[in-house]
Amino acid sequence: MRLTVIGTGYLGATHAACMAELGHEVLGVDVDPDKVAALQAGRVPFHEPVLPELLARHTASGRLRFTTSYEEAAAFGEVHFICVGTPQRKDSEGADLRYVDSAFASMARYAGEGALLVGKSTVPVGTAQRLADTHTGVEIAWNPEFLREGFAVEDTLRPDRLVLGIGSERAETLLRQVYAPVIGSGTPVVTADFPTAELVKTAANAFLATKISFINAMAEVCEATGGDVSVLAEAIGHDDRIGKKFLRAGVGFGGGCLPKDIRAFAHRADELGVSLAFLREVDAINMRRRDRVVELARELCGGAVLGARIAVLGAAFKPDSDDIRDSPALNVSARLRLDGADVTVYDPEAMDNARKAFPLLGYALSAEEALRGADLVLHLTEWPQFRELAPERARALVSRPRIVDGRGTLDGATWAAAGWEFRALGRPAPG
Ligand code: UGA
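Being a predicted model, the structure only gives us computed values, none of them experimental.

Undergrad: Hey, could you run me through the site of the ligand in this one?
TA: Surrounding the ligand, one finds 21 residues, the nearest of these being Glu149, Arg248, Phe253, Gly255 and Cys257. Tallying contributions element by element places helix α10 (residues 194–225) first for the shell around the ligand, with three residues. Broken down by class, the residue content of the shell around the ligand amounts to ten nonpolar, six polar and five charged. Both domain 1 (2–192) and domain 2 (202–282) contribute no fewer than three residues apiece to the shell around the ligand.

If you want it as structure tokens, here you go:
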């Protein structure tokens, strides 16, 4: 089939390359000519495992192309996927829909009668119906995505489920054709009306965020009582109904999705006269974990961080990503810098992005360099290489051996045995 993908950010670039991998002819469209030129040359402008190989292979074969022209896209595709961003609005918790609205308006203008426009962006419930009512000459479907950064290709080619929000049999037939290889390999398909399809996405992210904040709230209780949240999480996770995943306590969730999605969902619920106030508490618990790290840093530095040399391991919002959007690591770093600490950050992939967004922080070229002369070390993004750090060797580099494990992945006993003052969120100090 001939498909177009409108918006070639994180989601769109991945979707376009994966659709080419499924055997379709794909045209990606973006208003940013630099992005289009990079992608057309086979270069992915962000860090995502496997995606560069797919992009290079399919742009070289010509099966995947990129353009800035909506007109060209409209003439090219049978099905048009809209993958533009829905950031948080500047003036409220709600989602900013201007890119979605303008992409649908442009495609509706150029595409012929009956063209199928498929929304993939995360939107407030009610958006698909509003667009369908506005653009009556085209057909609209909603097909949310559930990909995780770092696993984007895997999650697109082998998703847990496909959700098809459809208004007609024809839309369903076309989407089933698009995804035939994915469906053929056993992926469950859930067909739904527009509001349900939109809600599946926001509900899934709200549930994941709630799970993380639940365990982080338990970490607070553990801190107040001397309990160990990692043991607690393991024990409750043995119950299949609860499950072990997304129960890692720490400095909390960040990124371009969970924080903004729960805010937008609570905001939309208010508009609908339904209370999702608990999501505001989920958000508040999450932010309190950042406060806790700042507080621990102060405590370990004798009451104030002014003049202290603090090494921060991690800048990305999670490992296997160079994404720093709403990153807990950088939020904590910036706050300590404001309090007068001399903060040096190291991250394996996110240094360029971090430098641009937080030019006042110091940056090191390696974890070792960051640690050199530090009065305190904060472990805030759980890259596997940080787990490999040898506590003995690290001790020889720092000025004072004090570390806060904000992600719960370091072995406290080993660090303590090597002479470190070791603190972790929700866990008693070892020894
Ligand atoms: C999230 C969802 O997991 C995807 O299913 C969804 O498609 C995506 O948002 C989206 O809406 O596009 P992502 O933001 O890539 O994916 O990251 P996650 O792996 O969900 O991690 C989110 C944050 O939670 C990270 O900061 C991570 O460090 C934190 N986290 C995760 C914890 O603090 N504890 C955990 O146990 C798990």
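Undergrad: Even after reading the chapter, I still don't get the environment of Leu131, so can you show me in this structure?
TA: Turning to its location among the elements, Leu131 is positioned in helix α6 (residues 127–134). Residue class for Leu131 comes out buried when judged on the 24 C-beta atoms lying within 10 Å of it. Residues Leu131 and Ala141 lie ten residues apart in sequence; the distance between their C-alpha atoms is 10.0 Å. In contact with Leu131, other than residues within four places in its own chain, are Phe104 and Ile140.

Undergrad: I tried to follow unusual backbone geometry on my own but got confused; where do I start?
TA: Located in the positive-phi region is Val50, a residue other than glycine, with phi close to 75°. By secondary structure assignment, the location of Val50 is in the loop between α2 (33–40) and α3 (51–61). Of the residues examined, Val50 has 18 C-beta atoms within 10 Å and is grouped as partly exposed. A positive phi angle is found at Asp320, which is not glycine, with a value near 65°. On the secondary structure map, Asp320 appears in the loop between β9 (309–313) and α14 (328–338).

Undergrad: How do you make sense of the confidence of the model for the chain when you look at a structure like this?
TA: The pLDDT averaged across the chain works out to 97; a share of 100% of its residues lies at or above 70. Model confidence for the complex is summarised by a pTM of 0.96, with the ipTM given as 0.97.

Parameters and conventions
Residues numbered from 1 in each chain as written. Predicted model: local features only at pLDDT ≥ 70, side-chain atom pairs only at ≥ 80, totals over all residues. Near = placed C-beta within 6 Å. Helix = DSSP H or I, 4+ residues; strand = E, 2+ residues; numbered from the N terminus. Nonpolar A, V, L, I, M, F, W, Y, C, P; charged D, E, K, R; others polar. Domains from an automatic or database assignment. Buried ≥ 20, exposed ≤ 12 C-beta atoms within 10 Å, placed from the backbone. Contact = placed C-beta atoms within 7 Å. pLDDT = per-residue confidence, 0-100.

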